[in-house]
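# Survey of secondary and tertiary structure
The chain contents come next:
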Amino acid sequence: MNLHVINTGFFKLDGGAMFGVVPKTLWQRTNPADENNLCTWAMRCLLIEDGDRLILIDNGIGDKQDAKFFSHYYLHGEDTLEKSLNRAGFSLDDITDNFLTHLHFDHCGGGVRYRNGDPAHVEMTFKNAKYWSNEAHWQWATQPNAREKASFLKENILPMQESGNLAMVDLQNKQFTEHISVITVDGHTDKQMLPKFQYKGHTIVYAADLLPSVGHIPLPYVMGYDTRPLLTLEEKQRFLEEAADQRYVLFLEHDGENECCTVTRTEKGIRLDRTFSLSEL
Ligand SMILES: [Zn+2]
């Protein structure tokens with residue numbers, strides 16, 4: 001198995017929304033906010049060469065929405081999905097599987113595009129790929145509740161099904177490929193999927209929105225976006241204890257600086273052990 005970090009660029013989100021009930025006086029120590037209270041976040045995907053499959057985990061925000069939409073998110077950085085894939089030695093057409101942890105726009109917007117920017121010509125970014133969600137999350141995303149409606153954008157989601165590229169992960173056996181299993185969590189959104197696999201003697205978990213950044217390791221640091229924050233608390237505690245005891249490497253999708261981290265038990269609870277880039281493994 002080979003891994004490649006696929007950076008798709010940075011965006012900004014309100015620091016208060018990202019840290020929920022935690023006051024700014026605390027979170028700004030690790031995540032300084034700009035004059036609009038916004039903090040910078042990565043959209044860091046992961047490419048997995050697994051036998052004859054080339055699996056991309058998530059795909060960034062894409063570019064289909066209008067200027068008003070993007071004016072809220074301050075997209076920046078040199079990297080794009082396509083450039084990063086090219087740098088890893090691959091093209092868009094090489095992707096066989098796009099595994100989507102969940103269908104919020106910053107995780108799946110890059111998978112569908114408009115040819116020449118024309119909304120009348122919708123096409124799949126990875127035309128040879130299956131796009132993987134799961135039945136429960138698909139229902140949740142296509143009939144969204146009022147709170148998450150603004151995160152589940154039809155133009156990102158429905159074309160996967162219309163094109164025939166959509167496939168569903170079987171959550172009964174929680175195995176995506178022979179080498180990649182799936183952890184599901186329901187606090188952030190219903191049936192978010194986190195891929196877990198072995199690499200160079202380490203267990204790696206793509207932490208997605210269960211643990212967006214190292215700033216979210218202490219238990220109360222739960223995103224305001226989460227639909228079931230009390231459940232996130234439980235899921236995070238269980239997961240982080242397991243991660244500490246079994247020395248998991250956590251791959252961080254949204255951390256502005258750190259690709260990976262490990263965690264450790266302390267008397268105050270689970271805390272950051274160390275941060276590193278994937279290439280250091
Ligand atoms: Zn999300």
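What counts, and at which threshold
Residues numbered from 1 in each chain as written. Predicted model: local features only at pLDDT ≥ 70, side-chain atom pairs only at ≥ 80, totals over all residues. Heavy atoms only, no water. Pairing = 2+ DSSP bridges. Helix = DSSP H or I, 4+ residues; strand = E, 2+ residues; numbered from the N terminus. Axes fitted to C-alpha atoms, helices over the stretch in contact; angles between N-to-C directions. Donors = N, O, S within 2.8 Å, 3.2 Å for Na, K, Ca; no water. Tetrahedral: all angles 85-135°; square planar, octahedral: opposite > 155°, others 65-115°. Buried < 20%, exposed > 50% of the residue type's maximum accessible area, 1.4 Å probe, protein only. Salt bridge = Lys/Arg side-chain N within 4 Å of Asp/Glu carboxyl O. Arc of directions from axis to C-beta. Contact = heavy atoms within 4.5 Å. Lys, Arg positive; Asp, Glu negative; His and termini not counted. Polar contact = N/O pair within 3.5 Å; in protein donor to acceptor, adjacent residues only side chain to side chain. Parallel < 35°, antiparallel > 145°, perpendicular 65-115°, else oblique. Left-handed = near helix turned anticlockwise from the far one by under 90°.

All right, on to the sheet that holds strand 7 (residues 130–133) then. The strand order across the open sheet built from six strands is 1-2-3-4-7-8, with neighbouring strands paired in mixed fashion. One side of each edge strand has no neighbouring strand; the edge strands of this open sheet are strand 1 (2–14) and strand 8 (166–168). Recorded for the sheet is a direction-independent mean angle of 25° between the axes of neighbouring strands.

What follows is about the coordination of the zinc ion. The textbook angles at a metal center are 109.5 degrees for a tetrahedron of four donors and 90 or 180 degrees for an octahedron of six. Coordination of the zinc ion by the protein comes from His102 (NE2), His104 (ND1), His188 (NE2) and Asp209 (OD), over a distance range of 2.1 to 2.3 Å. Relative to the metal, the four donor atoms surrounding the zinc ion lie at angles of 85 to 171°, and the coordination shape comes out irregular. In primary sequence terms, the donor set of the zinc ion follows H-x1-H-x83-H-x20-D. Of this pair, His188 sits in the loop between strand 9 (180–185) and strand 10 (192–199) while Asp209 sits in the loop between strand 11 (202–206) and helix 8 (229–245), placing them 21 residues apart in sequence. Comparing His188 with Asp209, the two get one shared label, buried.

The next point concerns helix 7 (residues 154–162). Among all positions of helix 7, only Asn156, Ile157, Pro159 and Met160 are buried. Backbone geometry just after helix 7 places Gly164 at a positive phi near 85°.

Further remarks concern the pattern of salt bridges. The tally for this structure, following the rule as stated, stands at eleven salt bridges. One salt bridge in this structure joins Lys12 and Asp34, with 2.9 Å as the shortest N-O distance. Here Lys12, found in strand 1, pairs with Asp34, found in the loop between helix 2 (24–27) and strand 2 (38–50); they are 22 residues apart in sequence, far enough to count as distant. Residue classification places Lys12 among the buried residues on the basis of a relative accessible area of 18%. Between Arg87 and Asp79 there is a salt bridge, with the nearest N and O atoms lying 3.1 Å from each other. Among the charged side chains, a salt-bridge network with shared partners connects Arg113, Arg115 and Glu123.

The complete set of buried residues in helix 6 (residues 135–142) reads His137, Trp138 and Ala141. With its buried residues spanning 105° around the axis, helix 6 presents them on a single face. Buried residues along helix 6 sit against strand 7, helix 7 and strand 8.

Take the pairing of strand 10 next. With six of its eight residues buried, strand 10 lies for the most part within the structure. Pairing of strand 9 with strand 10, which is carried by six bridges, proceeds in the antiparallel orientation. Bridge pairing in strand 10 places Thr184 opposite Met193. Counted between consecutive antiparallel strands, the loop separating strand 9 from strand 10 contains six residues, among which Lys191 sits at a positive phi close to 55°. As judged from the four bridges shared by strand 10 and strand 11, these two strands associate in the antiparallel manner. Residue Tyr199 lies in a different strand from strand 11, and its bridge partner there is His202. Linking two consecutive strands that pair antiparallel, namely strand 10 and strand 11, is a turn of two residues; a positive phi of about 50° is found at Lys200 within it.

Among the structural elements, Asp255 can be located in the loop between strand 12 (249–251) and strand 13 (260–266). Despite its burial, Asp255 remains without a salt bridge, the nearest opposite charge being carried by Arg44 at 5.5 Å. Within the structure, Asp255 has its side chain in polar contact with the backbone nitrogen of Asn258 (distance 2.8 Å). For Asp255, the contacting residues outside a window of four places in its chain are Ala42, Arg44, Pro212, Ser213 and Val214.

Attention shifts here to the packing of helix 6 against helix 7. Running from N to C, helix 6 and helix 7 cross one another at 130°; their axes reach a closest spacing of 10 Å. One finds that helix 6 runs oblique with respect to helix 7. Regarding helix 6 and helix 7, the two cross each other, and that crossing is left-handed. Two secondary-structure elements touch here, helix 6 through Trp138, Ala141 and Thr142 and helix 7 through Ile157, Leu158, Met160 and Gln161.

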